[in-house]
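Here is what each chain is made of, one letter per residue.
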Amino acid sequence: MTADIRHLIAGQWSAGSGEPVRSVNPARPHVVVAEGPGAVAADVDEAVAAATEAAAAWAATPIHQRGALLLAASDVVAAHAREWGRELAAEEGKTLAEGIGEVQRAAQILRYYGNEGDRQAGELFASPRAGERILVTRKPIGVVGVITPFNFPIAIPAWKIAPALVYGNTVVWKPAGTVPLLAMRLAEALTTAGLPAGVLNLLVGGPDIGDAIVGHPGVDGLTFTGSTGIGRRIAATGAARGVPVQAEMGGKNAAVVLDDADIDLALEQVMLGAFRSTGQKCTATSRLIVTSGIADRFLESLCDRAQRLLVGDPTDDATQMGPVISAAAQQSISAGIATAATQGGSVLTGGQPYADSARAEGYFVAPTIVELDSVTADVWTEELFGPVLAVARAADAEDAFALAGDSEFGLSAAVFTQDLTRALQAVEQIDVGVLHVNSESAGADPHVPFGGAKKSGLGPKEQGGAAREFFTHTTTVYLRGGRAGA
Ligand code: UN1
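Quick notes on the rules
Residues numbered from 1 in each chain as written. Predicted model: local features only at pLDDT ≥ 70, side-chain atom pairs only at ≥ 80, totals over all residues. Heavy atoms only, no water. UniProt positions renumbered as here; feature names shortened; annotations may be inferred. Helix = DSSP H or I, 4+ residues; strand = E, 2+ residues; numbered from the N terminus. Near = heavy atom within 4 Å. Polar contact = N/O pair within 3.5 Å; in protein donor to acceptor, adjacent residues only side chain to side chain. Areas by Shrake-Rupley, 256 points an atom, 1.4 Å probe, with all protein chains shown as cover. Nonpolar A, V, L, I, M, F, W, Y, C, P; charged D, E, K, R; others polar. Domains from an automatic or database assignment. Contact = heavy atoms within 4.5 Å. Buried area = accessible area lost by both parts, 1.4 Å probe. Axes fitted to C-alpha atoms, helices over the stretch in contact; angles between N-to-C directions. Parallel < 35°, antiparallel > 145°, perpendicular 65-115°, else oblique. Buried < 20%, exposed > 50% of the residue type's maximum accessible area, 1.4 Å probe, protein only. Pairing = 2+ DSSP bridges. Right-handed = clockwise from strand over helix to strand, strands pointing away. Patch = residues over 30% accessible without salt bridge, like charges linked within 9 Å, V, L, I, M, F, W, Y side chains within 5 Å. Salt bridge = Lys/Arg side-chain N within 4 Å of Asp/Glu carboxyl O. Left-handed = near helix turned anticlockwise from the far one by under 90°.

Attention now moves to the UniProt feature "domain: Aldehyde dehydrogenase" (unreviewed entry) in the protein chain. In this numbering, the UniProt entry assigns the feature "domain: Aldehyde dehydrogenase" (unreviewed entry) to residues 13-477. Structurally, residues 13-477 comprises 42% helix and 22% strand, and the distance from its first C-alpha atom to its last is 41 Å.

The local shell around the ligand holds 13 residues, among which Arg105, Glu248, Cys282, Thr283 and Gly443 are the closest. Between the ligand and Asn151 there is a distance of 3.0 Å, counted from an oxygen atom to a side-chain nitrogen or oxygen. Note that an oxygen atom of the ligand is positioned 2.7 Å from one of the backbone N or O atoms of Gly443. Burial of the ligand by the protein chains amounts to 99% of its free accessible area of 320 Å². Of the residues belonging to the shell around the ligand, the class tally is six nonpolar, four polar and three charged. Counting contributing residues per domain, the shell around the ligand is built from domain 1 (3-249 + 456-477) and domain 2 (253-437), each supplying no fewer than three.

Turning to the domain arrangement of the protein chain, a few remarks are in order. When the domains of the protein chain are assigned, the result is domain 1 (3-249 + 456-477) and domain 2 (253-437). If you average the C-alpha positions of domain 1 and of domain 2, the two centres end up 31 Å apart. Contacts between domain 1 and domain 2 engage 26 residues on the former and 28 residues on the latter. Both sides together, the interface formed by domain 1 and domain 2 hides about 2200 Å², and carbon and sulfur atoms give 56% of it.

For the pair helix α2 (residues 63-79) and helix α5 (residues 155-166), interaxial distance at closest approach is 9 Å and the crossing angle is 150°. Our classification of the angle between α2 and α5 gives roughly antiparallel. Counted together, Ile63, Arg66, Gly67 and Leu70 of α2 and Ala162, Leu165 and Val166 of α5 form the full contact between these two elements. Taken together, the residues that form the contact of α2 with α5 break down as five nonpolar, one polar and one charged.

All right, on to the pairing of strand β20 (residues 434-437) then. The side-chain alternation of β20 yields one buried face, formed by Val434 and His436, and one unburied face, formed by Leu435 and Val437. As paired elements, strand β19 (residues 412-416) and β20 share four bridges and run parallel to each other. Across the sheet, Val415 pairs through a bridge with Val437, a residue of β20. The handedness of the β19 to β20 crossover, carried by helix α15 (residues 420-429), is right-handed.

Once that is clear, we can look at the sheet that holds strand β7 (residues 132-140). If you trace the three strands from one edge of the open sheet to the other, you get β6-β7-β23, paired in antiparallel fashion. Every other strand in the sheet has two partners, leaving β6 (123-126) and β23 (472-480) as the edge strands with one partner each. Averaged over neighbouring strand pairs, the angle between their axes works out to 25° when direction is ignored.

Another point: a nonpolar patch on the surface. A cluster of nonpolar side chains, Leu420, Leu424, Val427 and Val437, forms an exposed patch at the surface whose accessible area comes to about 360 Å². By residue number, the principal contributor to the nonpolar patch is α15, which donates three residues. With respect to the helices and strands, the residue Leu420 is situated in helix α15.

By the definition in use, this model includes 19 salt bridges. Among the salt bridges present, the one from Glu132 reaches Arg129, with a minimum N-O distance of 2.8 Å. Using a relative accessible area of 4% as the deciding quantity, one classes Glu132 as buried. Assessed through its relative accessible area of 36%, Arg129 is described here as partly exposed. We note a salt bridge from Arg233 to Asp211, for which the minimum N-O separation is 3.0 Å. Taken together, the residues Arg233 in helix α8 (residues 228-241) and Asp211 in helix α7 (residues 207-214) connect sequence positions 22 residues apart. For Arg233, a relative accessible area of 48% puts it in the partly exposed group.

On to the UniProt feature "active site" (unreviewed entry) in the protein chain, then. Under the UniProt annotation, the feature "active site" (unreviewed entry) is placed at Glu248. For Glu248, the location among the structural elements is in strand β12 (residues 245-248). With residues up to four places along the chain from it excluded, the contact list for Glu248 reads Phe224, Thr225, Gly226, Cys282, Leu411, Phe450, Ser456 and Glu462.

Attention now moves to the packing of α2 against helix α6 (residues 180-192). Following both chains from N to C, one finds α2 and α6 inclined at 130°, their axes separated by 8 Å at the closest point. With respect to their mutual orientation, α2 and α6 come out oblique. Handedness of the crossing formed by α2 with α6: right-handed. Contacts between α2 and α6 involve Leu70, Ala73, Val76 and Val77 on the former and, on the latter, Leu186, Ala189, Leu190 and Thr192. For the contact of α2 with α6, the class distribution of residues is seven nonpolar, one polar and no charged.

Listed below in structure tokens is the structure:
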């Protein structure tokens with residue numbers, strides 16, 4: 001059954017009047033998941049006006065009360081994990097287990113921020129002057145524009161919107177046009193929980209709606225996850241307008257497997273890192289560096305596993321990898337593989353379209369492993385955002401760590417070794433925002449910072465205590481009483 005696309009402005013759900021938006025099941029693109037007119041620029045004005053109007057009362061609401069609404073929303077999300085997880089798999093294409101897991105993760109994120117009122121709210125310093133204390137207190141930044149990608153249609157919105165709200169901001173949110181249904185579900189959970197009108201506004205639409213939010217004079221801060229190109233454009237607009245920007249962008253994340261690794265564990269984790277969510281994570285493993293002593297053996301087993309991966313309709317329980325999000329993504333990933341082959345890459349497995357009618361219809365790309373003879377190939381440097389793993393061999397651990405660092409991105413990396421000294425060396429030498437030792441390159445807990453080094457991230461990091469850096473500003477209070485006894 002196709003869902004109608006609705007926008008949430010000033011507490012009211014309504015149909016739009018803009019260009020049609022349609023999300024389809026990427027495994028069976030003739031199946032429409034959600035459909036309806038998108039928002040128009042005037043809706044952005046209305047949404048920003050509603051968020052501005054709601055801002056003062058929301059900021060003045062005690063944080064425990066704001067948190068209680070997030071906790072109630074978390075319960076709503078958790079209660080719908082199976083149902084919305086299935087919708088997520090149908091709309092985005094990740095497997096059912098991952099879809100349900102993601103909805104549960106959104107509930108967990110809402111719960112984490114729901115409890116923020118119980119944590120430290122600021123800092124207290126001594127003063128060099130008698131009778132004075134200096135305290136640093138936090139205030140919301142105001143109306144936050146939230147722009148989210150397709151690949152985590154409910155978890156990424158939750159990890160931006162939950163901290164925005166709990167710290168007292170109001171929100172105007174534009175999700176990716178390919179996943180409106182899951183966006184409506186999250187907004188629905190928050191309104192069901194009793195969020196006041198105007199505190200969260202949801203507009204579904206194309207890039208013009210995103211641009212209108214980013215450039216709107218009423219927006220006080222922008223948080224974005226997506227491609228590096230768009231992130232930099234948003235950051236430039238934000239800088240020109242003098243508003244803070246948090247941009248979480250691309251990755252070209254390496255898994256380093258050293259000779260002494262637990263090979264079965266490394267095989268399992270590299271498979272998950274490269275192919276879970278069909279490789280469509282900014283934290284996915286898209287480069288593999290393997291030292292020469294084990295390279296032949298490791299690559300043979302890895303290719304064998306990749307060939308045996310069950311690729312198909314993500315809503316089938318047995319499926320281990322679904323399609324990519326769109327025909328355009330399928331084409332650009334396939335073109336990236338073809339280019340790799342012309343730049344000295346040997347396609348060890350995958351790289352061919354599926355011929356069977358079930359998969360030929362959908363936006364499937366086979367799990368693909370390309371071994372390179374030179375790390376100048378585009379597939380080594382550019383994010384393809386699909387199930388494609390570029391492989392380079394390293395002479396030894398030093399060489400391997402240097403290759404891992406050979407990227408303008410620095411989001412995440414994984415290192416597989418049983419040698420503590422090597423693991424510690426990796427921590428020192430690989431410049432990334434997230435480093436996994438003996439686990440895959442993706443994955444992030446809500447209570448710790450998340451984000452990239454180098455060109456993967458701009459502005460304060462996300463999640464945990466780091467989120468507060470972006471969603472609040474500080475007021476330093478020099479606090480003195482009057483003259484005692486006066
Ligand atoms: C994860 O690794 O589980 O867009 C989360 C992305 C990241 C989130 C990754 N912002 O893929």
